[in-house]
Amino acid sequence: DTAVSQTPKYLVTQMGNDKSIKCEQNLGHDTMYWYKQDSKKFLKIMFSYNNKELIINETVPNRFSPKSPDKAHLNLHINSLELGDSAVYFCASSQDHRVYGYTFGSGTRLTVV
Amino acid sequence: ILNVEQSPQSLHVQEGDSTNFTCSFPSSNFYALHWYRWETAKSPEALFVMTLNGDEKKKGQISATLNTKEGYSYLYIKGSQPEDSATYLCAFHNFNKFYFGSGTKLNVKP
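Reading the values: the criteria
Residues numbered from 1 in each chain as written. Chains lettered and ligands numbered in written order. Predicted model: local features only at pLDDT ≥ 70, side-chain atom pairs only at ≥ 80, totals over all residues. Heavy atoms only, no water. Helix = DSSP H or I, 4+ residues; strand = E, 2+ residues; numbered from the N terminus. Rg over C-alpha atoms; globule rule 2.2 N^0.38 Å. Buried < 20%, exposed > 50% of the residue type's maximum accessible area, 1.4 Å probe, protein only. Contact = heavy atoms within 4.5 Å. Areas by Shrake-Rupley, 256 points an atom, 1.4 Å probe, with all protein chains shown as cover. Pairing = 2+ DSSP bridges. Axes fitted to C-alpha atoms, helices over the stretch in contact; angles between N-to-C directions. Disulfide = S-S within 2.5 Å. Core = buried A, V, L, I, M, F, W, Y, C linked by side-chain atoms within 4.5 Å. Salt bridge = Lys/Arg side-chain N within 4 Å of Asp/Glu carboxyl O.

Asks: Provide a residue-level description of the overall build of chain A, including the pertinent values.
Replies: Scanning chain A for helices and strands turns up one helix and 11 strands. The N-to-C order of helical and strand elements in chain A reads β-β-β-β-β-β-β-β-β-α-β-β. Its C-alpha radius of gyration of 13 Å places chain A within 12% of the 13 Å reference for a compact globule of 113 residues. Dimensions along the principal axes, computed over C-alpha positions, put chain A at roughly 40 × 25 × 25 Å. Taken over 113 residues, chain A has a buried fraction of 43%. Taking contacts inside chain A between residues at least 6 apart in sequence as the whole, the part at least 24 apart equals 54%. Total accessible area on chain A is roughly 5,800 Å²; 47% of this is exposed by carbon and sulfur atoms.

This is the structure:
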């Protein structure tokens, strides 16, 4: 069983489109995250939800909106996609990150053309 | 903006060599330091979570040390094997946020 699963794995879309990336975790963790891997390979946090409540919202464009219907799901919706949004997006979850760290999904490679 | 630096960026060693890499981070407001192992086409997997100055952790042939006063952590691999080839990421956690380094890419040649 995959602990943190993201879909789709690859997403190619045109500029201006709206797309969503889904994330689900079956670990019973309370907190979920979205990270973006930038061009220099750094993982940078975008959002964090704890039990469906937004707790971290970094400086990302308003076109990015996370949605958490329940604590096992954290989806990322992106409006009006731009070329610069092309990146790999990782979902992660944790229960007590200070003790156990984070469990990551396998990533979604988004390419905007 | 907070810097977490890892060195070297990449490393090529022969099977059986021992190796180590460095993660440097700010020494103030330390909360935790994580090490992750990230194989190509997979997701990062947690190796160690370290919270106390002087911590030493070990998993098989991989070990890590932590110095929070001077802001660095070392990851050691004893007798590298080809299956150890991966990118090793460290992540620094202060009381507010979590910052990843860009990783050290290790290639172990048979």
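Asks: With reference to specific residues and values, describe the environment of Leu-52 of chain B.
Replies: Along the polypeptide, Leu-52 of chain B turns up in the loop between β5 (45–50) and β6 (56–59). As a C-alpha pair, Leu-52 of chain B and Asn-67 of chain B span 15 residues in sequence and 8.3 Å in three-dimensional space.

Asks: Tell me about the sheet that holds strand β3 (residues 19–24) of chain B, and name the residues and values.
Replies: Residues and elements named next belong to chain B. Spatially, the five strands line up as an open sheet ordered β1-β3-β8-β7-β6, and their pairing is antiparallel. Two strands close off the open sheet at either side, each with one partner strand: β1 (5–7) and β6. Direction aside, neighbouring strands of the sheet carry axes that sit 15° apart on average.

Asks: Break down the state of the cysteines for me, citing the residues and quoting the values.
Replies: As enumerated under the stated definition, the model contains two disulfides over all chains in all. Residue pairing for Cys-23 of chain A: its cysteine sulfur links by disulfide to Cys-91 of chain A, the two sulfurs lying 1.9 Å apart. Measuring handedness by torsion sign, the sulfur bridge of Cys-23 of chain A and Cys-91 of chain A sits at about -75° and is left-handed. Note that Cys-23 of chain A is positioned in strand β3 (residues 19–25) and Cys-91 of chain A in strand β9 (residues 87–94), a separation of 68 residues in sequence. For the pair Cys-23 of chain A and Cys-91 of chain A, a shared accessibility class is recorded, and that class is buried. Across the disulfide from Cys-23 of chain B sits Cys-90 of chain B; the S-S distance is 2.0 Å. The chirality of the disulfide connecting Cys-23 of chain B with Cys-90 of chain B is right-handed, given an S-S dihedral of about 70°. With Cys-23 of chain B in strand β3 and Cys-90 of chain B in strand β9 (residues 86–93), this residue pair connects regions lying 67 residues apart in the sequence. Judged by its relative accessible area of 0%, Cys-23 of chain B is buried.

Asks: Let's hear about the nonpolar core: which residues, and what values?
Replies: Residues and elements named next belong to chain B. Core analysis: the largest hydrophobic core is formed by 23 residues, its most contacted members being Phe-21, Leu-33, Trp-35, Phe-48, Leu-75, Tyr-88 and Leu-106. Those elements that provide at least two residues to this core are β2 (10–14), β3, β4 (32–38), β5, β7 (62–67), β8 (72–77), β9 and β11 (104–109). Of the residues forming this core, the biggest block, four residues, is contributed by β9. Other than its neighbours up to four places away in sequence, Phe-48 contacts Leu-33, His-34, Trp-35, Lys-57, Lys-58, Lys-59, Ile-62, Ser-63, Ala-64 and Leu-75.

Asks: Please give an account of the pattern of salt bridges that cites residues and values.
Replies: Residue and element names in this part refer to chain A. For the structure shown, the criterion picks out six salt bridges over all chains. Asp-30 serves as the salt-bridge partner of Lys-71, at 2.7 Å between the closest nitrogen and oxygen. One end of the pair, Lys-71, is in the loop between β7 (64–70) and β8 (73–78); the other, Asp-30, is in the loop between β3 and β4 (31–37), with 41 residues separating them in the sequence. In this structure, Glu-82 and Arg-63 form a salt bridge, with 3.5 Å as the shortest nitrogen-oxygen distance. You can see Glu-82 sitting in the loop between β8 and β9 and its partner Arg-63 sitting in the loop between β6 (53–57) and β7, a full 19 residues away along the chain. Taken together, the shared-partner salt bridges in this structure form one network comprising Arg-63, Glu-82 and Asp-85.

Asks: Would you mind going over the sheet that holds β3 of chain A in detail, with residue names and values included?
Replies: Residues and elements named next belong to chain A. The four strands are arranged β1-β3-β8-β7 in an open sheet whose pairing can be described as antiparallel. The sheet terminates laterally at β1 (4–7) and β7, the two strands that pair on one side only. Strand after strand, the sheet turns through a mean of 20° between neighbouring axes, direction not considered. Relative to β8, β3 runs antiparallel, the two sharing four bridges. Across the sheet, Ser-20 pairs through a bridge with His-77, a residue of β8.

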